[in-house]
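The chain contents come next:
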Amino acid sequence: MFACAIVALLSTAFASGHGGVVSYNIGGKTFQGFQAYVTPIGQSTIQRQWATYNPITNATDANMACNSPGLTVNPMLTATVGAGSKIAAYWNNPWPHTIGPMMVYMANCGGDCTNVNPASLNFFKINESGLLSGTVANGQWGSGLMVQQNSSWTVTIPKSLPNGNYMIRHETLAIHTANQPQFYPECAQLTVIGGANGKPGPTVKFPGGYSATDPSINIDVYSSTATTYIVPGPVVWSG
Ligand SMILES: *[C@@H]1O[C@H](CO)[C@@H](O)[C@H](O)[C@H]1NC(C)=O
Ligand SMILES: *[C@@H]1O[C@H](CO)[C@@H](O)[C@H](O)[C@H]1NC(C)=O
Ligand SMILES: *[C@@H]1O[C@H](CO)[C@@H](O)[C@H](O)[C@H]1NC(C)=O
Ligand SMILES: [Cu+2]
């Protein structure tokens, strides 16, 4: 009882400013994510571990792939999803940041994703949403749309993706603080069925996919009236 109250208090305190993907909806079924601030012992989920609600602020952080620590739980689960079907990710609600892009990546695990170090994976991008209208300081961003959409983001698993085991990596990048990016990546394990023989790419590794000097990452939106923004990372593979 006492321990529960402490966990609840901590969660509330830390939840105020940051967070991440807390659940998924795949094929009409809800999959609970990893619960930050709670011991991994006894947690069984499709999502890799992320210990805190804090952002990663270093574009080349060692844990850029699947957040920190990015480890498996026991037992680690994997969700089955059809190519061409939708997957929704839900952030802690309401997500607090509305300035910055949304990005979704996948990577083939070359076998069971439970056995892979996410830093070794080759990620291709399946969705991005940057500056949708207006200026970088005052416009509508992908992350603002995510907040408007009930702090959720729905993407389609590319129809021609080959069957296999994949890591899906959702990321929102918050750039409301000048020259101090906040990366929020979380990963989940999927088995894709009903796919075809598409050739996903281009791919990047994390760390490696982003550079701290990228003008879309090291950016002061308040000093600019730009109405365009190049979303970091590779181009989207439409599949
Ligand atoms: C970012 O992380 C990398 C990898 O851990 C490290 O080598 C680098 O020094 C870090 N950069 C900063 C500015 O902390
Ligand atoms: C990305 O997903 C969003 C939210 O579902 C959607 O509005 C947008 O069209 C997608 N963009 C791309 C390039 O896939
Ligand atoms: C909005 O998201 C919450 C989870 O954050 C969910 O419980 C609720 O059903 C969603 N509402 C709608 C209208 O989809
Ligand atoms: Cu935050």
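Let me sum up the structure you'll find in this document. What you see is a predicted model, and the numbers here were worked out from it, not measured in a lab.

Cut-offs used in this document
Residues numbered from 1 in each chain as written. Chains lettered and ligands numbered in written order. Predicted model: local features only at pLDDT ≥ 70, side-chain atom pairs only at ≥ 80, totals over all residues. Heavy atoms only, no water. Phe/Tyr/Trp six-rings, centres within 6.5 Å; stacked < 30°, edge-to-face > 60°. Helix = DSSP H or I, 4+ residues; strand = E, 2+ residues; numbered from the N terminus. Buried < 20%, exposed > 50% of the residue type's maximum accessible area, 1.4 Å probe, protein only. Lys NZ or Arg CZ within 6 Å of the ring centre and 35° of its normal. Near = heavy atom within 4 Å. Polar contact = N/O pair within 3.5 Å; in protein donor to acceptor, adjacent residues only side chain to side chain. Salt bridge = Lys/Arg side-chain N within 4 Å of Asp/Glu carboxyl O.

Thoughts on the packing of aromatic side chains
Next, step 1: Counted by the stated rule, this structure contains 11 aromatic pairs.
Next, step 2: Ring plane angle 90° and centroid distance 4.8 Å describe the contact between Trp 95 and Tyr 184, whose orientation is recorded as edge-to-face. Of this pair, Trp 95 sits in the loop between strand 4 (86–91) and strand 5 (102–108) while Tyr 184 sits in strand 11 (residues 182–193), placing them 89 residues apart in sequence. Judged on exposure class, the residue Trp 95 and its partner Tyr 184 are both buried.
Next, step 3: Both rings, one in Phe 124 and one in Trp 237, keep their centres 5.7 Å apart while their planes meet at 80°; by these two values the pair is edge-to-face. Taken together, the residues Phe 124 in strand 6 (residues 123–129) and Trp 237 in the segment after strand 12 (203–204) connect sequence positions 113 residues apart. Just as Phe 124 is buried, Trp 237 falls in that class too.
Next, step 4: Chaining the aromatic ring pairs together yields one cluster made of Tyr 105, Phe 123, Phe 183, Phe 206 and Tyr 210.
Next, step 5: The ring centre of Phe 206 lies 3.8 Å from the NZ or CZ of Arg 169, which sits over that ring.

Overview of the site of ligand 3
Next, step 1: Taken together, Tyr 90, Asn 93 and Asn 150 make up the full set of residues near ligand 3.
Next, step 2: At 3.1 Å, a side-chain N or O of Asn 93 approaches an oxygen atom of ligand 3.
Next, step 3: Take Asn 150: an N or O atom from its side chain is 2.4 Å from an oxygen atom of ligand 3.

Focus: the pattern of salt bridges
Next, step 1: Taken as a whole and judged by the stated rule, the model has two salt bridges.
Next, step 2: Across the salt bridge formed by Lys 125 and Glu 128, the nearest N and O atoms sit 2.7 Å from each other.
Next, step 3: Look at Lys 125 and you get buried, because its relative accessible area is 0%.
Next, step 4: A salt bridge links Glu 171 to Arg 169, with the nearest nitrogen and oxygen atoms 2.9 Å apart.
Next, step 5: Residue class for Glu 171 comes out buried when judged on its relative accessible area of 0%.
Next, step 6: When its relative accessible area of 0% is taken as the criterion, Arg 169 is described as buried.

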